[in-house]
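Architecture at a glance
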Amino acid sequence: IKPRVQMAKGNPTADSLLAVTINATDNIGLKRVRLILAGGVSAQYDTVMTSAVTSLTINVNVRVPVNAPLGATVTAQALAVDGAGNASDTARIA
C-alpha cells in the first residue's frame, strides 16, 4: 500500500518566510518525505527516517531570498516513500 501525503499552506511568522505543513502516513513505515519548491523561490527539503515511523507532520519555513521576484508564484510539491519503495501521489499547492 502506498503512503499518503497531504500538504497545506502554513502560517508564516514573517513576510520573508514561506510556510508549509506536510502530513504523511503509511501502514508499515515511511522512509522519506520530500518537499520541492519551484517558481519564484526554488528549494528542496528532504527528510529520511531510520526507524519505523507510520505518521509524520513536518512544518517547514523557507526564507524568501531578497532577490526573489515580487509577487511570483511558488509551487510546492510533497512526496512520501515507504520502506518498500512505494511512492505516494504528489500533493501540490501554489
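What counts and what doesn't
- Residues numbered from 1 in each chain as written.
- Predicted model: local features only at pLDDT ≥ 70, side-chain atom pairs only at ≥ 80, totals over all residues.
- Heavy atoms only, no water.
- Helix = DSSP H or I, 4+ residues; strand = E, 2+ residues; numbered from the N terminus.
- Contact = heavy atoms within 4.5 Å.
- Buried < 20%, exposed > 50% of the residue type's maximum accessible area, 1.4 Å probe, protein only.

**Topic: the environment of isoleucine 93**
- By secondary structure assignment, the location of isoleucine 93 is in strand E5 (residues 91–93).
- Between the C-alpha atoms of isoleucine 93 and methionine 7, which are 86 residues apart in sequence, the distance is 7.4 Å.
- When near neighbours in sequence (up to four residues on either side) are disregarded, isoleucine 93 contacts Met7, Ala8, Lys9, Val74, Thr75 and Ala76.

**A look at the side chain of serine 88**
- Examined against the element boundaries, serine 88 turns out to sit in the loop between strand E4 (74–82) and E5.
- On the basis of relative accessible area, serine 88 is assigned to the buried category, the value being 6%.
- The residues touching serine 88, leaving out its near neighbours within four places in the chain, are Pro3, Arg4, Val5, Leu79 and Ala80.

**Observations concerning the environment of valine 20**
- Relative to the helices and strands, valine 20 resides in strand E2 (residues 17–39).
- Ignoring any residue separated from it by four or fewer positions in sequence, one finds valine 20 in contact with Met7, Ala8, Gly10, Leu35, Ile58, Asn59 and Val60.

**Digging into the side chain of threonine 47**
- Mapped onto the elements of the fold, threonine 47 is located in strand E3 (residues 43–63).
- When neighbours within four sequence positions are excluded, threonine 47 is seen to be in contact with Lys31, Arg32, Val33, Leu56 and Ile58.

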